[in-house]
Amino acid sequence: MEQDSGPEGVRRALGRLLEAVLASRGEANAVFDILAVLQSEDHEETQEAVRACSRLFGALLERGELFVGQLPSEDSVMAGSQGATRKYKVWMRHRYRSCLNRLQELLVHPSFEVKELALSTFMKFVQLEGAHPLEKPKWDGYYLFPRQLLKAVVEGLLSPEDDCSLLLARFREYLEHDDIRYHTMQAATDTVGRVTDRHPEVPLTFWNNAFTLLSSVSLPRQERGISSFYVKHGELPRTWKVVHLKEHRKAFQGMWLGFLKHKLPLSLYKKVLVIMHDSILPHLAQPSLMIDFLTRAYDVGGAISLLALNGLFILIHQHNLEYPDFYRKLYGLLDPSVFHVKYRARFFHLADLFLSSSHLPAYLVAAFAKRLSRLALTAPPEALLMVLPFICDLLRRHPACRVLVHRPLGPELDADPYDPEEEDPAKSRALESSLWELQALQRHYHPEVSQAASVINQALSVPEVSIAPLLELTAFEVFERDLKKKGQGSVPLEFIPARGLLGQQDDFCAQHFTLS
């Protein structure tokens, strides 16, 4: 193709070629010139070529001028005795395939404008192939969807080398359509399995792309929510799996289980656990299949264990998960760092729920109250303002534990019998001890902390104090709150006039210096 100079010239030249190909089959070879511009290193020329291909092959699909069925090799058809029309359709279908291969490569182009245009063109072809299938139905009423075409899109988005987060954000718009979402889940499952089999060590970029795509999938809560289809059909037979929420849940479950069975980077474990309770578990066909993943995560320790609590809470309370050592491991999570981690609010919210049952044994609740009291000695004020009401609520719920703050006939103790190094709360001897730490905190430098610790000096009221407003309390908020407080009247100050530079009237310095 003899190109005019500049993008505008390329646009006009491509327009002339496009019109020639669509007007006469005798000009079919001009397609090669259009496809050649797709290889251009100039971003604007590439975009013009993508637009030209979109118009060209979109028109050919609508006109039925691409071969339908299992595509034979180009050489065998051209050398055979088939009619000219069949040869043309097979030949043009091969050019269409070349175009799609190049579009997949452009999904990781350095220019985001090129990538976005390639994606939208791909999805246009998905819609057109759905309306004008290039495969023959196996029987009447057979559900036809361009699965391979959408799979090529998903493979391009799950690149092992390039960060596709921005393009995946653009693709999320298509996931609002039920058929696109259903087949994307299946394609993602296949792609993750294929890439992990091919690469001994899967690049972090691939895992991040995969998580971004998987976390973008959100299912409707009810069956009647399955009603938005990207590929339009005259009717939707109930025999099609794509119209049933149950099948979407199965695909969703297979997608996540296929992803989570692999050894993921630590950063991804945290991201998965953050969304597990509200974005994954509610949509699974069998939530109990996540038991192994969550219990392994809970055994890891640190922030991973804290984040696994949410998912375990749902499985224990809603799906009857039995976890014999659950409270022992929860007790083990209580260390000084728990007041400083990013997920502190979530942890104490869940700990409050787990310790809310009145059927828990007194020794267990006492162990938690004592461990928290001991940790409170070195906790920052913003954490103390939350944990002190938390401890008091434990005493309110479990009257048998009030001996920790009031033991009228108890013996005098020379030392605290509580063993802070014991991992088993049943052997910690917390119930034999007392919460002397709360009395020590009544002398805390921050007046609000001192006041909160002084609550145990009176009879504990029956209604609990909600800790929800205190969970997200930060040091900055405490500081700002203190700044806004107005002083209670005048504050008396003792003032002694200076009698010399070093405090003596006739010292040596006074002979040479004076105070002014």
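It should be emphasised that the depicted structure is a prediction, and the values quoted were computed from it without experimental measurement.

Re the overall build of the protein chain
And step 1. Looking only at helices and strands, the protein chain has 21 helices and 0 strands in total.
And step 2. In terms of overall dimensions, the protein chain is more spread out than a globule: its C-alpha atoms have a radius of gyration of 35 Å, far above the 24 Å expected for 516 residues.
And step 3. On the principal axes, the C-alpha backbone points of the protein chain span a range of 115 × 75 × 45 Å.
And step 4. Within the protein chain, the fraction of its 516 residues that count as buried is 47%.
And step 5. A fraction of 71% describes how many contacts in the protein chain between residues 6 or more apart in sequence connect residues 24 or more apart.
And step 6. Side-chain charges in the protein chain split into 58 positive and 63 negative, and the spacing between the mean points of these groups amounts to 6 Å.

As for the packing of aromatic side chains
And step 1. Enumeration according to the criterion identifies 19 aromatic pairs in this entry.
And step 2. Ring geometry for Phe171 and Tyr174: centres 6.0 Å apart, planes at 40°, overall tilted.
And step 3. On the basis of an interplanar angle of 80° and a centroid distance of 5.8 Å, the ring pair of Phe348 and Phe390 is categorised as edge-to-face. Of this pair, Phe348 sits in helix α16 (residues 344–354) while Phe390 is found in helix α18 (residues 381–397), placing the two residues 42 residues apart along the sequence. An identical accessibility class is assigned to Phe348 and Phe390; each is buried.
And step 4. Taken together through their ring pairs, the aromatic side chains of Phe206, Trp207, Phe211, Phe252, Trp256 and Phe259 make up a single cluster.

A few points about the domain arrangement of the protein chain
And step 1. Segmenting the protein chain into domains produces domain 1 (1–136) and domain 2 (324–491).
And step 2. In this structure, domain 1 and domain 2 have C-alpha centres spaced 69 Å apart.

A look at helix α3 (residues 43–63)
One full turn of an α-helix is made of 3.6 residues, so residues set three or four places apart face in the same direction.
And step 1. Here α3 contains 21 residues, and its C-alpha end-to-end distance of 30 Å stays within 8% of the 30 Å for a straight helix at 1.5 Å per residue.
And step 2. Counting buried residues in α3 gives 15 out of 21 residues, a clear majority hidden from the surface.
And step 3. With a side-chain oxygen positioned 3.0 Å from the backbone nitrogen of Glu44, the residue opening α3 is Asp42.

Considering α18
And step 1. With 17 residues, α18 ought to run about 24 Å at 1.5 Å a step, and its terminal C-alpha atoms sit 25 Å apart, in line with that.
And step 2. With 17 of 17 residues buried, α18 lies mostly within the body of the structure.

Observations concerning the side chain of Glu448
And step 1. One can find Glu448 in helix α20 (residues 447–453).
And step 2. Look past the residues within four positions of Glu448 in its chain and what remains in contact with it is Leu385, Arg481, Asp482 and Lys485.

A short note on the environment of Arg374
And step 1. Positionally, Arg374 belongs in helix α17 (residues 362–376).
And step 2. You can call Arg374 partly exposed: its relative accessible area is 23%.
And step 3. In this structure, the C-alpha to C-alpha distance between Arg374 and Asp335, residues 39 residues apart in sequence, is 9.8 Å.
And step 4. Side chain to side chain, Arg374 and Glu437 meet in a polar contact 2.9 Å long.

Overview of the pattern of salt bridges
And step 1. Evaluation of the coordinates by the stated rule reveals 21 salt bridges.
And step 2. Here Glu74 and Arg95 are joined by a salt bridge, their closest N and O atoms 3.0 Å apart. On the criterion of sequence distance, the pair formed by Glu74 in helix α4 (residues 74–79) and Arg95 in helix α5 (residues 84–106) is long-range, its members being 21 residues apart.
And step 3. Salt-bridge contacts for Arg194 lead to Glu155; the nearest nitrogen and oxygen are separated by 3.3 Å. Placement of the pair is Arg194 in helix α9 (residues 178–198) and Glu155 in helix α7 (residues 147–157), with a sequence separation of 39 residues.
And step 4. With a relative accessible area of 28%, Arg194 lands in the partly exposed category.
And step 5. The structure contains a network of salt bridges with shared partners spanning Glu8, Arg11, Arg12, Glu48 and Arg51.

Reading the values: the criteria
- Residues numbered from 1 in each chain as written.
- Predicted model: local features only at pLDDT ≥ 70, side-chain atom pairs only at ≥ 80, totals over all residues.
- Heavy atoms only, no water.
- Helix = DSSP H or I, 4+ residues; strand = E, 2+ residues; numbered from the N terminus.
- Rg over C-alpha atoms; globule rule 2.2 N^0.38 Å.
- Buried < 20%, exposed > 50% of the residue type's maximum accessible area, 1.4 Å probe, protein only.
- Contact = heavy atoms within 4.5 Å.
- Lys, Arg positive; Asp, Glu negative; His and termini not counted.
- Charge placed at Lys NZ, Arg CZ, Asp CG, Glu CD.
- Phe/Tyr/Trp six-rings, centres within 6.5 Å; stacked < 30°, edge-to-face > 60°.
- Domains from an automatic or database assignment.
- Expected span 1.5 Å × (residues − 1).
- Polar contact = N/O pair within 3.5 Å; in protein donor to acceptor, adjacent residues only side chain to side chain.
- Salt bridge = Lys/Arg side-chain N within 4 Å of Asp/Glu carboxyl O.

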